[in-house]
Amino acid sequence: MRFSLAALLLAAAGTTASKLAQTPQMGFNTWNSFKANYNESTITHIASLLISLGLHDAGYNYLLLDEGWSDMSRTDDGYLQSNQTTFPDGIAPLADRVHDMGLKLGLYGDSGILTCGFRPGSWGYEERDARTLASWGVDYWKYDNCGGFQAMSNAPQERFGLMRDALERSGREIFYSVCEWGFQFPWHWGGDIGHSYRMSGDITAKFINETGCPCKTAYCLNTGYAGCSVTSILRKMREISVYQERGHWLDMDMLEVGVGEMTVYMEQTHFAFWAALKSPLIIGADLRTLRNESLAVLTNRDIIAINQDSLGKPVHFIEGVSVEGSVQVWAGEVKGGNVVLVFNEKSYPQDVHVSLKELGLGIERPVRARELWSGKSWGKIDRVKAQLGAYQTLVFRITR
């Protein structure tokens, strides 16, 4: 039996509140590194690298299998099944091994008839699939929108809401990651459905100058399926960071740190804004070949602490002290103080000068500041005055 959209929305309020998602999720996703070409041995190796590289100790605890884990068809009696060639033992034994390592296991599905890779979607099978996930010991469900094209007569609120309800009735707490690319502006409704929800089309491994992201703002009808650069997604968040809410996080998509040909400053800027805007921190890089410089970015405990701060408040764009196309200044509250980000948008070094009094933080006298990438104390300051390298971001933790 299907329920009306109005009934679904009325039933939705508060239903996803739980011990899950009190801070943004952290983990690793297979898609950027492997697409659909991975197997049980690959996943076991990645799990061991999450431990040995210190990523698990830094907070990355979800191991997420994106498109490719499932078979091209359901069982004869209509149940999801793993790819019989790449995961011949099934998902439950894999989940047990992952749990024994102190990690959590996530899988990928779709709200329509088919997934993006033309494997079985869950439209019409929500209850059955949620119970299957629970029986396997799955901890996380990334729910995509590709197959939604076969069900577009049904609003995303309905398609994604049905799975939310099924997961809640499954008998197991499963993190619900809604992946519908910012379609129909989910910051107005996604918090009632997912523990996190995507706010844009897919990210690409480019810092600037993408060609496949036609929508450069949050509010436009063409949200763009794929190809959005780091800076395009950041530009969208200037408009919608105010909708970020503890327990229902706006997902800026996977981290491209260690994936593309970014400089260290680019990777630092990317990671700092994803952390400070309270986006999920999901690694996309191939851990088998990860550069030491990229690993250092991903494991910076001070930056991660901003993301995992118990207040759960994102930074916001401070338009009055920013210079369009040149310098972006963002600021917000964290437990015990504030955080300020100063980003040089130029491809060359430039001097910046930012008065802390003008940030709207109530700062009227010099305050203690520590820059988190360098780890250095700046003592008591009332302004940021420095030369920033190309695409560099300074991140300050401020206490009074």
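Conventions we followed
Residues numbered from 1 in each chain as written. Predicted model: local features only at pLDDT ≥ 70, side-chain atom pairs only at ≥ 80, totals over all residues. Heavy atoms only, no water. UniProt positions renumbered as here; feature names shortened; annotations may be inferred. Pairing = 2+ DSSP bridges. Helix = DSSP H or I, 4+ residues; strand = E, 2+ residues; numbered from the N terminus. Contact = heavy atoms within 4.5 Å. Axes fitted to C-alpha atoms, helices over the stretch in contact; angles between N-to-C directions. Buried < 20%, exposed > 50% of the residue type's maximum accessible area, 1.4 Å probe, protein only. Polar contact = N/O pair within 3.5 Å; in protein donor to acceptor, adjacent residues only side chain to side chain. Disulfide = S-S within 2.5 Å. Patch = residues over 30% accessible without salt bridge, like charges linked within 9 Å, V, L, I, M, F, W, Y side chains within 5 Å. Areas by Shrake-Rupley, 256 points an atom, 1.4 Å probe, with all protein chains shown as cover. Salt bridge = Lys/Arg side-chain N within 4 Å of Asp/Glu carboxyl O. Core = buried A, V, L, I, M, F, W, Y, C linked by side-chain atoms within 4.5 Å. Domains from an automatic or database assignment. Buried area = accessible area lost by both parts, 1.4 Å probe. Nonpolar A, V, L, I, M, F, W, Y, C, P; charged D, E, K, R; others polar.

As annotated in an unreviewed UniProt entry, the chain carries the name Alpha-galactosidase and is attributed to Aspergillus calidoustus. As stated in UniProt under Sequence similarities (unreviewed entry), the record for the chain gives "Belongs to the glycosyl hydrolase 27 family." Per UniProt, the comment on the chain under Catalytic activity (unreviewed entry) is "Hydrolysis of terminal, non-reducing alpha-D-galactose residues in alpha-D-galactosides, including galactose oligosaccharides, galactomannans and galactolipids."

S.K.: What should I look at first to understand the sheet that holds strand β13 (residues 367-371) in this one?
M.R.: The pairing of strands in a sheet happens through backbone hydrogen bonds and is either parallel or antiparallel. Read from one edge of the open sheet, six strands run β9-β10-β11-β16-β13-β14, paired in antiparallel fashion. Looking at the sheet topology across the chains shown, the edges are occupied by β9 (316-317) and β14 (376-381). Both strand β11 (residues 337-344) and strand β16 (residues 393-399) contribute to a ladder of six bridges, which runs antiparallel. Bridge assignment links L341 to a residue of β16, and that residue is V395. Of the strands in this sheet, β9, β10 (327-334) and β11 are in contact with helix α8 (residues 230-240), which crosses β10 at around 60°.

S.K.: Honestly, the side chain of N300 in this entry has me stumped. Any pointers?
M.R.: By the element assignment, N300 lies in the loop between α10 (292-298) and α11 (301-307). A relative accessible area of 13% means that N300 is categorised as buried. For N300, the side chain forms a polar contact with the main-chain oxygen of L372, separated by 3.5 Å. Ignoring any residue separated from it by four or fewer positions in sequence, one finds N300 in contact with L372 and W373.

S.K.: Sorry, what's going on with the state of the cysteines here?
M.R.: Disulfide: a covalent bond connecting the sulfur atoms of a pair of cysteines. Under the criterion given, the structure shown has three disulfides. Covalent S-S linkage joins C116 and C146, the inter-sulfur distance amounting to 1.8 Å. When the S-S torsion is 90°, as for the bridge of C116 with C146, the disulfide is right-handed. Of this pair, C116 sits in the loop between β3 (104-110) and α6 (126-136) while C146 sits in the loop between β4 (140-144) and α7 (156-168), and the two are 30 residues apart along the sequence. The residue that forms a disulfide with C215 is C220, at a sulfur-sulfur distance of 1.6 Å. Taking the torsion about the sulfur-sulfur bond, which here is approximately -140°, the covalent link between C215 and C220 counts as left-handed. In the chain, the cysteines engaged in disulfides, taken in order along the sequence, are linked 1-2, 3-6, 4-5. Free cysteine C179: the closest other cysteine sulfur is in C116, separated by 7.4 Å. Residue classification places C179 among the buried residues on the basis of a relative accessible area of 3%.

S.K.: Quick question: what am I supposed to make of the environment of H248 here?
M.R.: Turning to its location among the elements, H248 is positioned in the loop between α8 and β7 (249-251). Judged by relative accessible area, H248 falls into the buried class, the value being 9%. Spatially, the C-alpha atom of H248 lies 9.5 Å from that of W187, the residues being 61 residues apart in sequence. A polar side-chain atom of H248 sits 2.8 Å from the main-chain carbonyl oxygen of G191. At a separation of 3.1 Å, a polar atom in the side chain of H248 contacts the main-chain carbonyl oxygen of G194.

S.K.: How do you make sense of a nonpolar patch on the surface when you look at a structure like this?
M.R.: A surface patch of nonpolar side chains, about 280 Å² in accessible area, is lined by Y219, V242 and Y243. By secondary structure assignment, the location of V242 is in the loop between α8 and β7. On the basis of relative accessible area, V242 is assigned to the exposed category, the value being 60%.

S.K.: I tried to follow the nonpolar core on my own but got confused; where do I start?
M.R.: A general tendency of soluble globular proteins is for nonpolar side chains to be buried together. Judged by nonpolar contacts, the single largest core of 88 residues is most densely connected at Y60, L65, W69, W141 and F271. Examining the composition of this core, we find that seven residues originate from one element, helix α9 (residues 264-276), more than from any other. Looking at which domains feed residues into this core, each of domain 1 (26-308) and domain 2 (316-399) gives three or more. Apart from the residues within four sequence positions on either side, Y60 is in contact with M26, G27, L55, L103, F271, L281, I283, L298 and I304.

S.K.: I'm lost on the domain arrangement of the chain in this one. Help?
M.R.: Buried accessible area, meaning the area lost when the parts come together, often serves as the stated size of an interface. Under the domain assignment used here, the chain contains domain 1 (26-308) and domain 2 (316-399). Look at where the C-alpha atoms of domain 1 and domain 2 centre, and you get two points 31 Å apart. With 23 residues of domain 1 at the contact, the number on the domain 2 side is 19 residues. Interface area for domain 1 against domain 2, summed over the two sides, is near 1,900 Å², with a carbon-plus-sulfur share of 68%. The largest per-residue losses of area from domain 1 upon contact with domain 2 belong to R238, Y265 and F273, which jointly make up 31% of the total buried on that side. One can count two salt bridges joining domain 1 with domain 2. The residue R238 makes a salt bridge to E324 at a minimum N-O spacing of 2.9 Å. One can count six residue pairs in polar contact (both at pLDDT 80 or more) joining domain 1 with domain 2. Listing elements by their share of the side of domain 1 that touches domain 2, those giving two or more residues are α8, α9 and α11. Tallying contributions element by element places α9 first for the side of domain 1 that touches domain 2, with eight residues. Among the residues forming the side of domain 1 that touches domain 2, the class breakdown is 16 nonpolar, five polar and two charged.

S.K.: Is there a simple way to explain the UniProt feature "domain: Alpha galactosidase C-terminal" (unreviewed entry) in the chain in this structure?
M.R.: According to UniProt, the feature "domain: Alpha galactosidase C-terminal" (unreviewed entry) maps to residues 324-398 in the numbering used here. End-to-end, the C-alpha atoms of residues 324-398 are 25 Å apart, and along that stretch the chain is 0% helix and 60% strand.

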